[in-house]
Amino acid sequence: MEDKQPIISIRNVSKRFGQVAAVDNVSLNIMPGEFFVLLGPSGCGKTTLLRMIAGFEIPTEGQILIDGQDMAKVPPNKRPVNMVFQSYAVFPHMSVADNVGYGLKIAGVGKAERESRVAEALELVKLDGFGTRKPNQLSGGQRQRVALARSLVMRPKVLLLDEPLSALDAKLRAQMQFELADLQDHVGITFITVTHDQDEALSMAGRIAVMNKGDIAQLATPSDLYEFPANRFVADFVGSVNLFEGRLTLDEPDRAAVDCPGLGKVYLNHGVTGPHGADVWVAIRPEKIYLHVPGAGKAIRGAAEDAPEGHNFARGQIKGMSYLGDITLYDIRLETGAMLRVSRPNLSRRDQEDFTWDDRVSMHWRADSAVVLLN
Amino acid sequence: MESWKNHKALFAAIATAPLTWLILFFLLPLGIVWLYSFGTNQGLTQIDISGTFANYARALEPLYLGILWKSVLVAGATTIICLVVGFPVALAIVFASDKWKPWLLLGIMLPFWTNLLIRTYALMAVLRTEGYANQTIGWLHDKFGWLMTLVGLPPPGAYEPMHLLYNNFAVIFGLVYVHLPFMVLPLYAALDKLDKSLIEASLDLGAGHLRTLLMIVAPLAAPGIISGIIITFVPALGAYLTPDLLGGPDSQMIANVIERQFKRANDWPFGAALSFILMYATFIAIAFQAMKARQAEARQ
Amino acid sequence: MIGLPKRTPIAPLEYTRRLWMRGWVGLVLFFLYAPLITLIAFSFNDSRRNIVWRGFTFKYYEKALNNDSLMEALVNSITIAALATAVSVVLGALAAVMLWRFRFPMKAAAEGAMALPIVVPEICMGVAMLVFFAKIGFPTDLPWPLNLGAITIAHITFCFPFVTMVVRSRLASFNREEEEAAKDLGANEWQAFRDVLLPHMKPGLVAGALLAFTLSLDDFVITFFTSGPNTVTFPVKVYSMVRFSVTPEVNAASAMVIALTVILTTITLKMQSRMGTIAQGH
């Protein structure tokens, strides 16, 4: 990230509606050219934060700087940012070209330049030739492209996108994820996107801020967020996870162990740096657990070689199963009575037939698979 | 939606009463008036439907044409004032907090539920020569008249009460007073339906509030604005009570002339013709609104 | 405002929090209410000419209540309004169901005719009623309350299309599958109507009833053309009194009607909001 000046600097910003704090003392720097995603469940304050950057909500406390300038007294129509709205907000009474040219017209850009820039913007979002259409003649995806072009044509310093893909169907959403990332790469403008969809966030973002109850729960790159969640909220919200409460019984620089009443002893090949004997949580992703028939574990033992005998090993019975095509999910009742979810890739066409309801199974996982969370 | 043919008995049970009532007590009476408009008076109570157009021809005489034109002007002025006064009010209700919104709506609706005659009467009490308006202004005049000397003007003499009642001003004032809720409610409905992010998008793209109002809000709320205009204009055009009670001798509107034909002059055929001219004017206004609404719908 | 937390700044779309907007709304509300409030206030004023405040009194209420012709007019008005409301709700609901449920020949014409009483200028309708009852020779010397028949018929005619309009917009939000579910579970046409459709229509019926009642109570012009010397309603009576002079007695009677209006509106809003919450519940 070098030592560039942040394009957006959010300093101790809070927004209260009455007694409720929608955003609670958030500080955040976003760098030029970043694809930044605000991810969180509904009501976590992500949209409020975005709308404060755009100028539609005014912070109760704190400061927002865009390109080093304090935005406190600057109304939305004077800010160097543009927004793509969740509903797209394409003006229904204007043609596509008039929609895209609206901001330029307001800014007093001459007709000739306006037309060429509109055409350029439409080409950028692959809508060339749609200029004379009315919004009611467009599909949802096309309307979104109009909203995108309408904002991009203004050449903003930052483009804000509020749940840009939520109104699209699954196939189109996946396609637009790639296109948005591509587009951002191409135009080089800073993108800030708000979403509740973790797939969307992980696939597009350079950095993700996960928000919870008005606060930033973790700020990290997509892979760090998934593999090294900082707390239970992030572990649970991003992807699915098995969480077990336990006590830290061993904590040395190169190894650690957690005693979980629900899961048994969990061994890790790295230190945790938590207080000895502390109450902690162990998080294991379903895809990081190996499943095999009891006694046949030796064939794949290699995967768990680094786990001492009796550690990172569990037995149970399959109580639930859902076949999802690419993977199969198993819900397994452990001997302790706790439930564990395991996913298994269907590498060959008959893999899903290996296990079925009520089968007794053994499981194990590698010493670097589990994550220990302190809160 | 199902065809009546598949449920004939049910349809008959549901439809007979309202349709019969409508035909017997509404369309039939209107039909009689329509026939009378082509009739001539034969004695005191006898009317002969002779198929003459004389009544309509008489309505085109300068005297009546002038009153008709004046009615249109008064109703038009009322409508414009209501629009100008009511638009910010509608906007304020739309963007009011959830706590205030129902109270503001109630505040606009309550006079609308209050008896028209009582409201007109209340206005008379305010506007009379010795009414509250003149009293208040007179009091201010007496109290603060000396302020004039401060700017070098002679102190004003005794207060001359203004004649606020029994003139065209009073009629328009009264019509605005009565019809303002008619304008505010459709405007409110139209503005409330508007996607607020369209306004935000316009601001976001650099437009100020006034330009957003003119380029985004007004065109999109056009059907509501037009229906507000029609809903105000139509009853104002046919107003009887307001010009009758608040107006002077030269404030007669078309409805007053119609009333005179039936109640005093006893020239029913002419009154019938005037009634139908007023109805046709109303229908033209409504047809215009329907046309605009359809255009707007096609665009959405 | 010492000691209070700092006011939150006004966000761009919070138009209602802007000062000029508030001033404007305040002025408009003043314009709407000042005449009514002075009217009520001066009904308690102990002065014949009712200009200057001369002390508090109830005597004009006593006078109004003891004014037989005024009270008779008020009773007539309320009787007519009650009768007109009852019939209008039935006719209006039937018409609404008919237009909502069926396709039939000349439906557009029927719809247009149904909307006509709403849009036709009052004076034209009053004239039509006058001519109609004169033409059919409607008897004018019937005993009370039958002598109110002509006015009541006229009121039903202009009230029930309003009920139709309100109920129809309520029906638009009805989910036909609920009715189909009732039939699937064994209900016949009538039972499905009674148990499913009617409860859904209820808020519309209540709103329509209040609208009809108010419109009937409010009407002057149409009544003016259908009433005879023995069938005076409250607005017609006030009209004749106002023509002579402005008296505190009229103020007092008006204040009572305003109070009645406010009470009725409050009851309806209460009922509607309660039914609204129930309706949202499922």
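Note that the structure is predicted; figures quoted are calculated from it, not measured.

**A few points about the overall build of chain C**
Part 1 of the reasoning: Counting its regular elements, chain C contains 11 helices and 1 strand.
Part 2 of the reasoning: For chain C, the sequential pattern of α-helices and β-strands runs α-α-α-β-α-α-α-α-α-α-α-α.
Part 3 of the reasoning: For 282 residues, the compact-globule estimate of 2.2 N^0.38 gives 19 Å, and the C-alpha radius of gyration of chain C, at 24 Å, exceeds that figure by more than 25%.
Part 4 of the reasoning: Within chain C, buried positions represent 41% of all 282 residues.
Part 5 of the reasoning: Long-range contacts, defined as pairs at least 24 residues apart, comprise 79% of the intrachain contacts of chain C with a sequence gap of at least 6.

**Quick look at the overall build of chain B**
Part 1 of the reasoning: The number of helices and strands found in chain B is 14 helices and 3 strands.
Part 2 of the reasoning: For 300 residues, the compact-globule formula gives about 19 Å, and the C-alpha radius of gyration of chain B, at 25 Å, lies well above that figure.
Part 3 of the reasoning: For chain B, the spread of C-alpha atoms along the three principal axes comes to 75 × 60 × 35 Å.
Part 4 of the reasoning: A buried classification covers 46% of the 300 residues belonging to chain B.
Part 5 of the reasoning: Excluding contacts between residues fewer than 6 apart, the proportion of contacts in chain B whose partners are at least 24 apart in sequence is 70%.

**Some remarks on the domain arrangement of chain B**
Part 1 of the reasoning: Examined at the domain level, chain B breaks down into domain 1 (54–119 + 166–299) and domain 2 (129–163).
Part 2 of the reasoning: One C-alpha centre belongs to domain 1 of chain B, the other to domain 2 of chain B, and the line joining them spans 35 Å.

**A look at the interface of chain B and chain C**
Part 1 of the reasoning: With 69 residues of chain B at the interface, the matching set in chain C holds 62 residues.
Part 2 of the reasoning: Ranked by residues supplied to the side of chain B that touches chain C, first place goes to helix 1 (residues 8–36) of chain B with 18 residues.

**Considerations on the confidence of the model for chain B**
Part 1 of the reasoning: Counting all residues, the mean pLDDT for chain B is 88, and 98% of those residues have values of 70 or more.
Part 2 of the reasoning: Across chain B, helix 3 (residues 62–94) of chain B holds the top mean pLDDT of 94, while helix 7 (residues 147–150) of chain B sits lowest at 74.

**What about the interface of chain A and chain C?**
Part 1 of the reasoning: Taken together, the contacts link 7 residues of chain A with 5 residues of chain C.
Part 2 of the reasoning: Here the residues of the side of chain A that touches chain C are counted per class, giving 4 nonpolar, 2 polar and 1 charged.

**Here's the deal with the sheet that holds strand 11 (residues 242–252) of chain A**
All names here are of chain A.
Part 1 of the reasoning: Spatially, 13-12-11-14-20 is the arrangement adopted by the 5 strands of the open sheet, whose pairing is antiparallel. Looking at strand neighbours, the two that pair on one side only are strand 13 (264–268) and strand 20 (371–373), the edges of this open sheet. The mean angle between the axes of side-by-side strands here comes to 40°, regardless of whether they run parallel or antiparallel.
Part 2 of the reasoning: Here strand 11 runs beside strand 14 (residues 279–284); their pairing, made up of 6 bridges, is antiparallel. For arginine 247, the partnering residue across the bridge sits in strand 14 and is aspartate 279.

**Examining the domain arrangement of chain C**
All names here are of chain C.
Part 1 of the reasoning: One can read the domain layout of chain C as domain 1 (15–59) and domain 2 (61–281).
Part 2 of the reasoning: Centre-to-centre, using C-alpha coordinates, domain 1 lies 30 Å away from domain 2.
Part 3 of the reasoning: If one sorts the elements of the side of domain 1 that touches domain 2 by residue count, helix 1 (residues 19–42) sits on top with 4 residues.
Part 4 of the reasoning: Here the residues of the side of domain 1 that touches domain 2 sort into 5 nonpolar, 3 polar and 1 charged.

**A few points about the pairing of strand 9 (residues 207–212) of chain A**
Residues and elements named next belong to chain A.
Part 1 of the reasoning: Of the pairings in the sheet, the one linking strand 3 (residues 35–39) to strand 9 comprises 4 bridges and is parallel in character. Paired with leucine 39 across the strands is valine 210, a residue of strand 9.
Part 2 of the reasoning: When strand 9 meets strand 10 (residues 215–220), the two strands line up antiparallel, connected through 5 bridges. Directly across from asparagine 212, in strand 10, lies its bridge partner aspartate 215.
Part 3 of the reasoning: Where strand 9 folds back on strand 10, the antiparallel hairpin that results is connected by 2 residues, among which lysine 213 adopts a positive phi of roughly 50°.

**Here we look at the sheet that holds strand 10 of chain A**
Residue and element names in this part refer to chain A.
Part 1 of the reasoning: Here 6 strands make up an open sheet; going across it, the order is 6-7-8-3-9-10 and the pairing mixed. Among the strands making up the open sheet, the edge pair consists of strand 6 (81–84) and strand 10. Strand after strand, the sheet turns through a mean of 20° between neighbouring axes, direction not considered.
Part 2 of the reasoning: As paired strands, strand 6 and strand 7 (residues 158–162) are joined by 4 bridges and run parallel to one another. In the sheet register, methionine 83 faces strand 7, and the bridge partner there is leucine 160.
Part 3 of the reasoning: Contacting strand 6 and strand 7, helix 4 (residues 140–152) runs over the sheet at an angle of about 175° to strand 6.

**Things to note about the environment of glutamate 123 of chain A**
Residue and element names in this part refer to chain A.
Part 1 of the reasoning: Looking at the element boundaries, glutamate 123 is found in helix 3 (residues 111–124).
Part 2 of the reasoning: In this structure glutamate 123 comes out as exposed when scored by C-beta crowding, with 12 C-beta atoms within 10 Å.
Part 3 of the reasoning: Separated by 167 residues in the primary sequence, glutamate 123 and tyrosine 290 place their C-alpha atoms 49 Å from one another.

**With respect to helix 10 (residues 209–220) of chain B**
All names here are of chain B.
Part 1 of the reasoning: In this model, helix 10 (12 residues) spans 15 Å end to end at C-alpha, consistent with the 16 Å of a helix rising 1.5 Å per residue.
Part 2 of the reasoning: Of all the residues in helix 10, the buried ones are Thr212, Ile216, Val217 and Leu220. What you see down the axis of helix 10 is that its buried residues fit within an arc of 85°, all on one side. Across from the buried face of helix 10, at angles greater than 90 degrees, the exposed residues are Leu210, Leu214 and Ala218.
Part 3 of the reasoning: Summarising the contacts, the buried residues of helix 10 are in contact with helix 9 (196–204) and helix 11 (222–237).

**Digging into the packing of helix 5 (residues 116–127) of chain B against helix 10 (residues 234–244) of chain C**
Part 1 of the reasoning: Remark: helix 5 of chain B packs on helix 10 of chain C, axes separated minimally by 10 Å, with the N-to-C direction vectors making an angle of 20°. The angle between helix 5 of chain B and helix 10 of chain C places the two elements in the roughly parallel class. You can see that helix 5 of chain B and helix 10 of chain C cross each other, and the crossing is left-handed. Contacts between helix 5 of chain B and helix 10 of chain C involve Leu117, Tyr121 and Met124 of chain B on the former and, on the latter, Pro235, Val238, Tyr239 and Val242 of chain C.
Part 2 of the reasoning: For the contact of helix 5 of chain B with helix 10 of chain C, the per-class residue count stands at 7 nonpolar, no polar and no charged.

**Observations regarding the environment of arginine 117 of chain A**
Residues and elements named next belong to chain A.
Part 1 of the reasoning: Note on placement: arginine 117 falls in helix 3.
Part 2 of the reasoning: Arginine 117 gets classed as partly exposed once you count the C-beta atoms within 10 Å, which come to 19.
Part 3 of the reasoning: Once the C-alpha coordinates of arginine 117 and glycine 129 are considered, the two residues, 12 residues apart in sequence, prove to be 14 Å apart.
Part 4 of the reasoning: Those residues in contact with arginine 117 that sit more than four places away from it in its chain are Leu104 and Val153.

**Re the pairing of strand 17 (residues 327–334) of chain A**
Residues and elements named next belong to chain A.
Part 1 of the reasoning: Note that strand 16 (residues 313–323) and strand 17 share 7 bridges and pair antiparallel. Its bridge partner being in strand 17, glycine 316 is matched across the sheet by leucine 334.
Part 2 of the reasoning: As paired strands, strand 17 and strand 18 (residues 339–345) are joined by 7 bridges and run antiparallel to one another. Looking across to strand 18, one finds that arginine 333 is bridged to methionine 339.
Part 3 of the reasoning: Between strand 17 and strand 18, which pair antiparallel one after the other, the connecting turn spans 4 residues, and glycine 337 there sits at a positive phi close to 100°.

**Observations regarding unusual backbone geometry**
One can expect most non-glycine residues to show negative phi and most peptide bonds to be in trans.
Part 1 of the reasoning: Although it is not a glycine, aspartate 67 of chain A sits at a positive phi angle of roughly 55°.
Part 2 of the reasoning: The residue aspartate 67 of chain A is located in the loop between strand 4 (61–66) and strand 5 (69–70) in this model.
Part 3 of the reasoning: The backbone phi angle of asparagine 266 of chain B is positive, close to 55°, even though this residue is not glycine.
Part 4 of the reasoning: Mapped onto the elements, asparagine 266 of chain B comes out in the loop between helix 13 (254–263) and helix 14 (268–299).

What counts and how
- Residues numbered from 1 in each chain as written.
- Chains lettered and ligands numbered in written order.
- Predicted model: local features only at pLDDT ≥ 70, side-chain atom pairs only at ≥ 80, totals over all residues.
- Helix = DSSP H or I, 4+ residues; strand = E, 2+ residues; numbered from the N terminus.
- Rg over C-alpha atoms; globule rule 2.2 N^0.38 Å.
- Buried ≥ 20, exposed ≤ 12 C-beta atoms within 10 Å, placed from the backbone.
- Contact = placed C-beta atoms within 7 Å.
- Domains from an automatic or database assignment.
- pLDDT = per-residue confidence, 0-100.
- Nonpolar A, V, L, I, M, F, W, Y, C, P; charged D, E, K, R; others polar.
- Pairing = 2+ DSSP bridges.
- Axes fitted to C-alpha atoms, helices over the stretch in contact; angles between N-to-C directions.
- Expected span 1.5 Å × (residues − 1).
- Arc of directions from axis to C-beta.
- Parallel < 35°, antiparallel > 145°, perpendicular 65-115°, else oblique.
- Left-handed = near helix turned anticlockwise from the far one by under 90°.

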